[in-house]
Amino acid sequence: WPGLSLTPFLCSGVGLALCQRLLEEDGRIHLCIACRNEQKSEATRDLILATHPAAQVSTVEVDLGNLASILRAARELRCRFQRLDFVYLNAGIMPNPHVNFKALWHGLLTGKLLHMLTTAEGIMTQTDRLNGDGLQEVFATNLFGHFMLVRQLQSLLCGNEKPSRLIWTSSSNARESAFSLSDYQHAKGQESYSSSKYATDLTSVVLNRKFNGQGLYSSVVCPGLVMSNMTYRILPVFLWKLLMPIMWLIRFFAKTYTLTPYNGAEAHVWLFKQKPEFLDSLVKYHSCTSGLGKCYVEPRKMDVDEDTAEKLYQKLLELEEQTLEKYHDLLD
């Protein structure tokens, strides 16, 4: 596919591994990497070119938690490209994570520990805050910023000769119990990450309903438990060093312990090779790794309500309208 344009976001961890793995699949693609600042973009580009010196790699600066930055980046991308074949929506934050050790102990006593360790259900909380746009920071960065970007790039994604693809990085931590339509920004709870990822699943489902007829397809992946900058902020570094041998052991029982960014990108790369018309829009594709280190993809049906998805979509459109009124000077 010469001339193919891809835009992975947040190019470190899984994002960087994804770029390198995509080039291993097809060295003819044009990668456009998006990071929050120019220095990080250029550093990421240098890392990619160090292993793939002939690759076509460009950069764009965008902060998915800043609406003005998103509108400026989208305008730049519309000027530079005629189409986008893949957009990997990978940016995510988990501010001030806390582990509930009491819940972990209870899980051990009730036999639910392995489930809790693989999904973080009931053991992970976050303290969210408002960003500069007056939105909940996690919601804005993990979901709404991506949604706004997709909407602004619609002319590059719809009506092309070949289908265009959105591939969202979700999580096994995406749970309906953490999400409320009446508080879709999760201002009142303490599981903002889980809420934002469940909202991601809902958004992908409804985007397929709205845009498949225009040649745009959306999929959701879970990279599994990857040791990244986000993960290392959950516990002190010395604790991670003590836990790592145990985590490698757990992988014999918990296939979602992918651990490395390379393994975590397995589902992203697998979707790159699939025909979107034959994929199930209600399935999340999980990166998995066997105890002996073999990578594979496991499809799992998502626990999403399509009526709730439609209602969330309407709320996102209303919020988008308010945003565009505020930043009308950044529109074409």
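Right above here is the structure, for reference.
Residues numbered from 1 in each chain as written. Predicted model: local features only at pLDDT ≥ 70, side-chain atom pairs only at ≥ 80, totals over all residues. Heavy atoms only, no water.

1. Describing helix α6 (residues 137-152)
Of all bends in α6, the biggest is about 40 degrees, found at Phe144. For α6, a buried count of 15 out of 16 residues is recorded, marking the element as mostly surrounded by other parts of the structure. (Bend = angle between axes of the 7 residues up to and from the residue. Helix = DSSP H or I, 4+ residues; strand = E, 2+ residues; numbered from the N terminus. Buried < 20%, exposed > 50% of the residue type's maximum accessible area, 1.4 Å probe, protein only.)

2. Re a negative patch on the surface
Together, Glu38, Glu42, Asp46 and Glu61 line one region of the surface with negative charge. For the negative patch, the element with the highest residue contribution is helix α2 (residues 38-51), accounting for 3 residues. Relative to the helices and strands, Glu61 resides in strand β3 (residues 56-61). (Patch = residues over 30% accessible without salt bridge, like charges linked within 9 Å, V, L, I, M, F, W, Y side chains within 5 Å. Areas by Shrake-Rupley, 256 points an atom, 1.4 Å probe, with all protein chains shown as cover. Salt bridge = Lys/Arg side-chain N within 4 Å of Asp/Glu carboxyl O. Lys, Arg positive; Asp, Glu negative; His and termini not counted. Charge placed at Lys NZ, Arg CZ, Asp CG, Glu CD.)

3. Observations concerning empty space enclosed by the protein
Across all of its chains, the model carries 1 cavity of 30 Å³ or more by this definition. Volume-wise, the largest cavity comes out at about 30 Å³. Lining of the largest cavity is provided by Val150, Arg151, Gln154, Leu207, Phe211 and Leu216. Its residues assigned to classes, the lining of the largest cavity shows 4 nonpolar, 1 polar and 1 charged. (1 Å grid on protein atoms, 1.4 Å probe; cavity = no way out; pocket = protein on both sides within 12 Å on 5 of 7 lines; lining within 4 Å. Points joined across faces, edges and corners; volume = space filled by probe spheres on them. Nonpolar A, V, L, I, M, F, W, Y, C, P; charged D, E, K, R; others polar.)

4. With respect to the pattern of salt bridges
One pass over the structure, following the stated rule, counts 16 salt bridges. The partner of Glu266 in a salt bridge is Arg21, with the nearest N and O atoms 2.8 Å apart. Taken together, the residues Glu266 in helix α12 (residues 266-272) and Arg21 in helix α1 (residues 14-25) connect sequence positions 245 residues apart. Exposure class is identical for Glu266 and Arg21. Each is buried.

5. Details of the pairing of strand β8 (residues 216-222)
Here β8 lies mainly inside the structure; 7 of its 7 residues are buried. Residues Leu216, Ser218, Val220 and Cys222 line one face of β8 and the alternating positions Tyr217, Ser219 and Val221 line the opposite face, and both faces are buried. In this sheet, β8 lies alongside strand β7 (residues 164-169) in parallel orientation, the contact comprising 6 bridges. Its bridge partner being in β8, Trp168 is matched across the sheet by Val220. In this region the chain leaves β7, passes through helix α8 (residues 192-211) and returns to the parallel neighbour β8; the handedness of that crossover is right-handed. (Pairing = 2+ DSSP bridges. Right-handed = clockwise from strand over helix to strand, strands pointing away.)

6. Some remarks on the packing of α6 against helix α13 (residues 306-326)
Packed helix pairs are specified by the crossing angle of their axes together with the interaxial distance, meaning the distance between the axes. Across the interface, α6 lies against α13 with an axial gap of 11 Å and an inter-helix angle of 75 degrees. On the basis of their axis angle, the class for α6 and α13 is roughly perpendicular. Mapping the contact onto sequence places Phe139, Leu143, Phe144, Phe147, Met148, Arg151 and Gln152 in α6 and Tyr313, Leu316, Leu317, Leu319, Glu320, Thr323 and Leu324 in α13. (Axes fitted to C-alpha atoms, helices over the stretch in contact; angles between N-to-C directions. Parallel < 35°, antiparallel > 145°, perpendicular 65-115°, else oblique. Contact = heavy atoms within 4.5 Å.)

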